[in-house]
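# A closer look at the structure
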Amino acid sequence: MNETDALAAFASISSATRLRILKLLVEAGTNGLSAGEIAAAVGATPSRTSFHLSNMSEAGLVASSRMARQITYRLDFAVVGALMRYILEDCCKNNPTVRACCVSDGGC
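Described in the following lines is the structure provided in the data block. (Residues numbered from 1 in each chain as written. Predicted model: local features only at pLDDT ≥ 70, side-chain atom pairs only at ≥ 80, totals over all residues. Heavy atoms only, no water.)

### Brief notes about the overall build of the protein
The secondary structure content of the protein amounts to six helices and three strands. Secondary structure of the protein in N-to-C order comes out as α-α-β-α-α-β-β-α-α. Along the first, second and third principal axes, the C-alpha atoms of the protein reach 45 × 30 × 25 Å. Going through the 108 residues of the protein one by one, you find that 33% of them count as buried. Of the contacts formed within the protein by residues at least 6 apart in sequence, a portion of 51% connects residues at least 24 apart. Summing over all exposed atoms, the protein offers an accessible surface of approximately 6700 Å²; the carbon and sulfur share of this is 54%. The positive charge centre, built from 10 side chains, and the negative charge centre, built from 9, are 8 Å apart in the protein. (Helix = DSSP H or I, 4+ residues; strand = E, 2+ residues; numbered from the N terminus. Buried < 20%, exposed > 50% of the residue type's maximum accessible area, 1.4 Å probe, protein only. Contact = heavy atoms within 4.5 Å. Areas by Shrake-Rupley, 256 points an atom, 1.4 Å probe, with all protein chains shown as cover. Lys, Arg positive; Asp, Glu negative; His and termini not counted. Charge placed at Lys NZ, Arg CZ, Asp CG, Glu CD.)

If you want it as structure tokens, here you go:
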């Protein structure tokens, strides 16, 4: 990941609705969710949800696949991982305090 990609990803999730979508798609895992399911879960209209998903897709965070008339959206976990790695390694220079916050016992 480079600075341009990281900025696009962070800009994309700087919206409360898109952050909720990201969290929802993390929970959905590799199965993903339809746009309608996402809209219902985050309390947004279908057209607004499509706008948010398009933004997240342009940033590389979300991928979609079509089966008949249904489009399923999935989080690109590799891109999210690369973003986290970029923050830890490039921005924070592997600072031990920051890295400790990333362990499951909440080292901070």
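### Quick word on the sheet that holds strand β2 (residues 62-67)
If you walk across this open sheet you meet the three strands as β1-β3-β2, and the pairing is antiparallel. At either end of the open sheet lies a strand with only one pairing partner, and these are β1 (33-34) and β2. Where β1 meets strand β3 (residues 70-75), two bridges bridge the pair, whose relative direction is antiparallel. Residue pairing across strands places Ser34 opposite Thr72, the latter belonging to β3. This element, helix α2 (residues 16-28), spans β1, β2 and β3 of the sheet and lies at about 95 degrees to β3. (Pairing = 2+ DSSP bridges. Axes fitted to C-alpha atoms, helices over the stretch in contact; angles between N-to-C directions.)

### A few points about the pairing of β3
In the sheet, β2 pairs with β3 via six bridges, with the strands oriented antiparallel. Bridge pairing in β3 links Arg66 to Ile71. Counting the residues between successive antiparallel strands, the hairpin from β2 to β3 contains two residues, one of them, Ala68, with a positive phi of roughly 60 degrees.

### So, the nonpolar core
Counting 23 residues, the largest nonpolar core has Ile21, Leu25, Ile38, Leu53, Leu61 and Val62 as its most contacted members. Secondary-structure elements contributing two or more residues to this core are α1 (3-12), α2, α3 (35-42), α4 (46-58), β3 and α5 (77-91). (Core = buried A, V, L, I, M, F, W, Y, C linked by side-chain atoms within 4.5 Å.)

### Things to note about α5
For α5, which comprises 15 residues, the first-to-last C-alpha distance of 20 Å matches the rise-based estimate of 21 Å (1.5 Å per residue) to within 8%. Looking at α5, one finds that the buried residues are Val79, Val80, Ala82, Leu83, Tyr86 and Leu88. Structurally, α5 contributes buried residues whose contacts are with α1, β3 and α6 (96-100). Where α5 begins, one side-chain oxygen reaches toward the backbone nitrogen of Ala78, 3.1 Å away; that side chain belongs to Asp76. Of the residues one or two after α5, Lys93 is the one with positive phi, at around 50 degrees. (Expected span 1.5 Å × (residues − 1). Polar contact = N/O pair within 3.5 Å; in protein donor to acceptor, adjacent residues only side chain to side chain.)

### A word on the environment of Ser64
Counting through the fold element by element, Ser64 comes out in strand β2. Take Ser64: its relative accessible area is 49%, and that puts it in the partly exposed class. Placed 32 residues apart in sequence, Ser64 and Gly32 show a C-alpha to C-alpha distance of 8.7 Å. Setting aside residues up to four positions removed in sequence, Ser64 forms contacts with Ile71, Thr72 and Tyr73.

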